[in-house]
Structure formats: structure tokens, C-alpha cells
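Observations on chain architecture
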Amino acid sequence: MFAYQKSFANPTLPVDEAQFYALVRAEQWNENIDKYRETHDAALKRKLPAFIFQATFDETESKAGKIGRWRKQSATRLTGLVVMDVDHVENPQEVYESWFKALNFEELGILLVYITPSGKGLKIVFKARHDWGNLIDNQHAMAKVLGVEVDESCKDASRMSFICKETDIMYLDKELFTYEDKKYAERYDAVYRDGHSAAERTNTKKILTNTNLTNLTNGCAQEKDSCNSCNSCSEKESCSEEKDENFNYHGISYKTICEAWQTAQGGAPGVGDRHRTMLQMALDLRYICDNQPDMVARALKECGFVQDIIRERGEEEVQGVADTACERRMYKDIPKRMQEVLKSTGVLSSETPRNERVVDKVNIPYEQYAERLEPLLSAPYAEACSGVSRHNWLGAVFVSGAMYCTLLTRCWYRHFNGAKQRMNPQALIIGEPATGKGFAKSLDDQIMCAMREQDEEVRAQETRYKQEQKKRGTSSKAQKQDALVEPEGMIRYLPTKTSNNIFFRRLKRAKEVVDGEQMPLHLYMFDSELDSSISAQSGGAWIGKHDLELKAFHNELSGVDYANNDSINDILPIFWNSVTTGTQVSLYKKFTPRNINDGLCSRVCIFPMETARYQMIKKKNVDWEANESMKQWGYRFEKLHGELPLERLTDHVYDLCEQSAQEAEAADDHVLDYLRKRAVFYATWLTIPRILARQYDEFKKTGKLEITDDDLKFSTLMYDAVIYFQDHFFGQMLQDSWDNAAREYVPRRRNTKNADAYKSLPETFGVKDVIEALDLEDNPARQQCKRWVMHGFVERIKQGKYKKIIKDLMI
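Residues numbered from 1 in each chain as written. Predicted model: local features only at pLDDT ≥ 70, side-chain atom pairs only at ≥ 80, totals over all residues. Heavy atoms only, no water.

**Description of the overall build of the protein**
Across its full length, the protein holds 33 helices and 29 strands. Per-residue burial for the protein yields a buried fraction of 49% across its 811 residues. Taking the contacts inside the protein whose residues are at least 6 apart along the sequence as the reference set, 73% of them involve residues at least 24 apart. Carbon and sulfur atoms form 48% of the exposed surface of the protein, whose accessible area is close to 40,500 Å². (Helix = DSSP H or I, 4+ residues; strand = E, 2+ residues; numbered from the N terminus. Buried < 20%, exposed > 50% of the residue type's maximum accessible area, 1.4 Å probe, protein only. Contact = heavy atoms within 4.5 Å. Areas by Shrake-Rupley, 256 points an atom, 1.4 Å probe, with all protein chains shown as cover.)

What follows is the structure, encoded as C-alpha cells:
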């Protein structure tokens, strides 16, 4: 009997015939395999359960304290079965048939042959022969029979073999489910538990006396890479050596780069730190390996500590780390840590200007984002994207999402920290002149129609009030009439040029009783020219509003207290959302190295319009149906109120943020760590309109919402995109500001004689030790010991004897 493991987080379980067929027939795993063959997404393969044919395991305790048959080398019990992989097979069915015609499977002890999940490989399971030796020796011998090469990673007894579909099974002998060779286990168990899995025999001359090997090599496609045309072992070896010599990055071998990386991290990691270190290295190497998992895995294998892992646990872990690293988000520049390594190896010069470094020109993955977004587009975003070019869809989602969230001002949800959370987006669309940024104005015209209509009556009242005031200033008859009453109604749609006094007045009046509780409502601004707000900063309208932009994201308190009679002397939470479009020139007037660390850059969702140079704007017709639909969604969302039950969504964005924290730590990426913390809000906010649009009537009736898998995919896309574009515009500026601060503001290192002397003292010391260390007389030395006791640095054991409490002095 052999075993299987559902995932790395689960213990192994025994496999009988019923369990075997349940796994290979499971619809879920069959779909994963089909998708993997279509997309080559390694994540799909890693989600598959895996058979472990060559060993079962004794019960042990996991790192988390759980008892089970965990896949540990020290708990290995060999089954007497051997697994062999044949990779890169273009026609696995034909290869299998050639073997079956030419060989006696029963005599060879072959029990199972199946096509691997990639569809381009074969897995062979057979009985171990004592006369052939250990597992890898058996594989070498069987490989010679089949006319193929051996995948050395299979020498590990705990080697996992991902499951297949039932239709991929070419050959099955039911003895597989009951076979066990206890004598083979007695011979080799202890050897494998001690980590010795290398070949015992380097040359297997006599395999089977009656087997004709001449015709067995036909049709096998195991020859790899540039060695396809080689016919002899010597030729293959020379090809391999030539290939290794060419495995370099800008003339420097990957082995040299890996050794320099390892040296920069303080040398080879110890047991317990190797997997984490390997992942950190892979995250850096992908930037110089075209983000190709196979290339990253090959580079990793140049390291000695990785070879130790392979000897102990096999190559599966290395390939898994490479796959994981290459799935993660790529940023536009090689990480700073890797740049230092490249400098030390001569790939980069310390004088190389930033814009001339060996970094590919940034190409924004518009099409990639569009492909992810397309199957998830639904109301109300589908209508918002209808008049926008495919590559600018995300910009339409950001803009319309900010508007819809503003109209949903009477709704709230529980954030994953338990706090009551409102929706406070600020959207920025950046592009060169005439790149189509005008779509934002079109969306504002339709979606925000509901808010403007609500404001119309109050604005009319204010106009009449001002006109009457003017009359009374010039007419003595009008002055004798009753005193004018200033209109108190709400106005929430504000122009950019709004004075602070008016802003706070609007803010104070924008409130409503919702579900029995008075609730502040959001103000809103739209500006088609970012330059307008920037020029206003120099005086008048915009003075003080930068502070309000910052506080609006978390609805923090702000206020004024002036002596003039018109001042709104109050402290209010800031509820203010905005949508702005502008050019990159104006963007960098607003976000400068001097203010980049104030936090605004992580509070905005920003999108760069695709620039199509030397091309005419495409002709298009107005989609009146989509416009009317957006307008109606605006009216509907304005009517919704109450708590939104979003627990599944908030749990999901929590997991996203946690994964990014781990990724940032592994890559030493401070920018990612900084940006991830607020991106979770946009991942939630921008997903809410699509959830409510799908269940609008149901929510109005019951107050309940269902969060689907597609909602979570959409949320993940929003999270990734918000971080990507924030990093695109502000990442380097943030990193440079932190680097400059680290150089300019270095705390004085207090390395006093007193501290050095204390450090040199043993853990337990006497007054004589202090006399020698500080070169003091007896009484001053005793006084020094008393001061240390008073500060809590040491404790007195007995007369004249002390014990350190802290390692180094803090003062």
C-alpha cells in the first residue's frame, strides 16, 4: 500500500483501490488538470493532491503540534515501489505503445503508467529489484531498459507524484494497491532515514539477459534542450557543460551572482532558515531570469545550500519555490537588494545612472489587466466601460467606482479590524492631452446626476438669498422688511474653487438621520484639470485642503476656530470623495519629494491612460442605453442605506494584505509593505457596487448579500491594480526619499567607554572586574555598580557580585 497527500498542509493518508479511483475521477482535480494544460499556470498543478508511491510514513508531530503521518525523511518506510519520470514527451501515447509492444511489463514489474498533469510526460511505477540496488539505481536500470534518461529528483523516497485523470492511465496492474516488499524496506529504510539516497552503482551493465534494447529508444523524447541531437553520453555531457558555461546574466554566471547574493545575506543559511532564504533569493532572481520558473529553479540549484535541500528532500521543493516566486507581482525596477548584488559582481556600475541600469523599460500590462477584468465585468461597471477603450477599462472602473461609492454614502460595513467603515475613494486619472481622459467627465454627467439634482433646489434658494441681500444693501425700503433667513439645506456636489469657509459649512450641513442615527454624508468634487487645484494651492480656494484630502480617507477630524462672524467654529469628521483627471506633469507638481511621505500617494487609486502616439482617436457613437443605465444606478444607490454584510469579502482582503506582507518581507520590499495597507480598502470599496447591483432588490428586502467567487476575483484584481499603479507613479520617489533620509538623518551611535566596558564584562562579575574594565578605584567602581542596579541593567547577587540583566547599555 502507498500513500497520498492532499496538500503540503495535510498529513499523508493510505491509498487503497477505492481511494485511488476517487482521486483520479474527481471532477475538481480533472478540471484543474485541463486548465493547467491550457494555461500552464503552475499554481493549478500545485493544488492537486499527490501520490507518494515509494514510501509511507510513521506518525510524527508537525511543527504546529499535530500528530499524523507527515511526509518526513526521518519517518520514511519504503514500500518496495519505484517511481520514474519521463519528461518532455510530445506523444506520450505513442511512446507508451512502443514500450508495451516491445517489453514484457509483468516481467519488468511495471504496475502503473500514466500521463502526467502537463500532458507532456509519463510516470512509471514498478517493483524495486534487490539486484538493481536502491531507488535511484533501480531508476537508472529501468531507464536503460526504456531507452530514456533518469530524472535525478526521483531519488528521494518521499517524492510526490501529482495525480492524473482516469483517462490518462495507460496501464494499471491492481497488484499496485496491495504490493509491499518488507525485505527491501529492511535493507534500505535506515539508509533513507539518514538522508542517503545517492546512487550506489554508477554503471548497470547487466539488466535483463533476454531483453533486446535496440528498438526501445525509438519514439522517446526525453533528450532535453540543446542535447536533442546527441547520441552518446559523452556528447550529452559536453553539451551540458557548454550550456552551463553560457548560463550567465550580462556575462556574469548565475553561480557567481547567487554566491554574491548569499554573501550579502551573511553566508549560507542554517537548517530551519533554508526554505525562507531560498524563497527570498528566488524573488530577487526572477528579475534577471525573465520571470521564468524553470530558469529561476536552475539558478537556485547553483547554490550549495539548495543542493543540500535537494539531497534531503528532492527537487520538488525547489521547483515549487521558483513557481511561487514567479507568480507574485513584478515591479518595474530590480529590487534594491539585488541591485547591490549586481554591483558587487560587476553587472552594474555604482556610477550607472538610474535610467541606464540594466532594467527593462516599463511596459504597463494593460492587456493583462483587461483579460482579467473582461470575464468579471457586470453591472454597473459594464456600462461604465462601454464607451472606453479596452486598455483603459480599469480607469473607468476606478472613476465610476468612486462615484458609486459616494452615492452609497448611507451604507457602511465592518472592516476586518471590527471598526464601522464608510467608503472614501479618491480617484486620479493621468494621461497626456487628448488621450481620452474625457470619459471621466461623461461618467460624472450620468452617474452623479442624482446628487446634482438634489442640490439644485438649495442652490436656487442660496441664489435668491444673495440677490435679496444685495437689494437690501441698496434699498432703504427693503431694509425695513423682516430679517432674511439663510437657507440651511444640503449641497454636496462642490466645484474645485470652494473656499474653506463654504466647504466646512457644506460639511456641517451634510447630515441625515439614517436608521435612527444621525449620519454625516459625503461631499464630492470632480475636476477635469488637476492643474486647477494645484494653481489654487497658492492662495484662496485650496489653502488648507491638502490636509482635508489626507483626513478624508479615514474620516478623521478637522475644523476651524476663527474670530470672524462667518467662520464655522466646529470640529467635524471629513467626508469628502473626489475624482480628478490631469497630466503627468501636473501630477508631479502635486506629489513632490518634499510631500511624498505625507500619505496621500497611498490614499488615491490612480490610473495612467494608454498613450497611442501618431494615431487618430477612434470614432464612436454615444451609447444612450448605457448612459441611462448608469444614471438609474446612481438614483438607486442613493436610496440604499444600512450595514452591508461583507464578512467573506473583508476576510479575503485581509488574506491578500497578509500575503503581501509576507511577500514584502521575503523581497525586503518596503514600498510594497507601505502600499498594501490602504489598498485593502479599495479592494473592498470598488467591489461593493457590483455586489449591490447584482442583488439590489434582495438587499432592499432582506438586508442580506451573497459574496461570490467572482466578487473575490474582482476584489483581488482591484487590490493588485491599485498597488501596481501607485508603485508605478510613486514607488521610486518613496524609496528615494527613504534612502535620502537614511543617509541624512543618522542617529549618533553611542559607543561610550562605559558601554564598551559593560559589554566586555562576563555575565556574572564582581567589583574587581569593573575596576579592571573601567580603570577605576574601588569606591568609584562600587558606585558605578550601584548606578547600574538602579537603572535595572544588573542585579546584585551578593556583596560585591552582580549579574547582567541586559546585554548592552542603553544609556
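**With respect to the packing of helix H10 (residues 274–285) against helix H11 (residues 293–300)**
Direction vectors running N to C along H10 and H11 enclose 125°, while the axes themselves pass 10 Å from each other. Judged on the interaxial angle alone, H11 and H10 are oblique. At the point where H10 passes H11, the crossing takes the right-handed sense. On H11, the residues touching Met278, Met281, Ala282 and Leu285 of H10 are Val296, Ala299 and Leu300. Per-class residue counts for the contact of H10 with H11 are seven nonpolar, no polar and no charged. (Axes fitted to C-alpha atoms, helices over the stretch in contact; angles between N-to-C directions. Parallel < 35°, antiparallel > 145°, perpendicular 65-115°, else oblique. Left-handed = near helix turned anticlockwise from the far one by under 90°. Nonpolar A, V, L, I, M, F, W, Y, C, P; charged D, E, K, R; others polar.)

**What about the sheet that holds strand S1 (residues 2–5)?**
One open sheet accounts for four strands, arranged S2-S1-S3-S11; its pairing is antiparallel. Lying at the two open borders of the sheet, with one neighbouring strand each, are strand S2 (13–15) and strand S11 (161–162). In this sheet, strand S3 (residues 50–52) lies alongside S1 in antiparallel orientation, the contact comprising three bridges. Note that in S3 the partner of alanine 3 across the bridge is isoleucine 52. (Pairing = 2+ DSSP bridges.)

**A short note on the pairing of strand S24 (residues 576–582)**
Within S24, seven of the seven residues are buried, leaving the element largely enclosed by the surrounding structure. Of the two faces of S24, the one lined by Trp576, Ser578, Thr580 and Gly582 and the one lined by Asn577, Val579 and Thr581 are each fully buried. Pairing analysis gives five bridges linking strand S17 (residues 426–430) to S24, with the strands arranged parallel. Following the sheet pairing, isoleucine 429 is matched in S24 by threonine 581.

**Digging into the environment of methionine 718**
Note that methionine 718 resides in helix H30 (residues 709–744). When the C-alpha atoms of methionine 718 and valine 680 are compared, they prove to be 8.9 Å apart, with 38 residues separating the residues in sequence. The contact partners of methionine 718, leaving out residues within four places of it in the chain, are Leu394, Val397, Phe398, Tyr682, Ala683 and Leu686.

**Concerning a negative patch on the surface**
A cluster of acidic side chains, namely Glu647, Asp651, Asp655 and Glu658, defines a negative patch on the protein surface. Position of glutamate 647 among the secondary structure elements: in helix H26 (residues 647–667). On the basis of relative accessibility, which here comes to 61%, the residue glutamate 647 falls in the exposed class. (Patch = residues over 30% accessible without salt bridge, like charges linked within 9 Å, V, L, I, M, F, W, Y side chains within 5 Å. Salt bridge = Lys/Arg side-chain N within 4 Å of Asp/Glu carboxyl O. Lys, Arg positive; Asp, Glu negative; His and termini not counted. Charge placed at Lys NZ, Arg CZ, Asp CG, Glu CD.)

**What about the sheet that holds S17?**
Overall, parallel pairing links the five strands, which are arranged S18-S21-S24-S17-S25 in an open sheet. Sheet topology places strand S18 (493–494) and strand S25 (605–608) at the edges, where each strand pairs with a single neighbour.

**Overview of the environment of glycine 559**
For glycine 559, the location among the structural elements is in strand S22 (residues 557–560). Judged by relative accessible area, glycine 559 falls into the partly exposed class, the value being 34%. For the pair glycine 559 and asparagine 500, spaced 59 residues apart in the sequence, the C-alpha separation amounts to 9.9 Å. Beyond its immediate sequence surroundings of up to four residues, glycine 559 is in contact with Phe504, Asp570 and Ile571.

**Quick notes on the confidence of the model for the protein**
Here the protein shows a mean pLDDT of 84. Residues at 70 or above account for 86%. Contacts for the low-pLDDT stretch residues 202–244, under 50 throughout, to residues beyond four places or in other chains number 54 contacts. Predicted confidence for residues 351–361 stays below pLDDT 50, and this span has 16 contacts to residues more than four positions away or in other chains. (pLDDT = per-residue confidence, 0-100.)

**So, the nonpolar core**
Residues Phe398, Leu644, Phe725 and Phe730 are the most contacted members of the largest nonpolar core, which totals 95 residues. Sort the elements by how many residues they give to this core and H30 lands first, with 14 residues. (Core = buried A, V, L, I, M, F, W, Y, C linked by side-chain atoms within 4.5 Å.)

**Looking at the pattern of salt bridges**
Applying the stated criterion to the full structure yields 41 salt bridges. Note that aspartate 308 is salt-bridged to arginine 311, the shortest N-O span being 2.2 Å. With a gap of three residues between them, aspartate 308 and arginine 311 both fall in helix H12 (residues 304–313), about one helical turn apart. Via salt bridges that share partners, Glu462, Glu486, Glu488, Arg505, Arg506 and Arg509 belong to a single interconnected network.

**Things to note about unusual backbone geometry**
Residue proline 380 follows alanine 379 across a cis peptide bond; omega there is 0°. Within the secondary structure layout, proline 380 lies in the loop between helix H15 (366–373) and helix H16 (381–385). Phi is positive for aspartate 290, which is not a glycine, with a value near 55°. As for its placement among the helices and strands, aspartate 290 is situated in the loop between H10 and H11. Judged by its relative accessible area of 61%, aspartate 290 is exposed.

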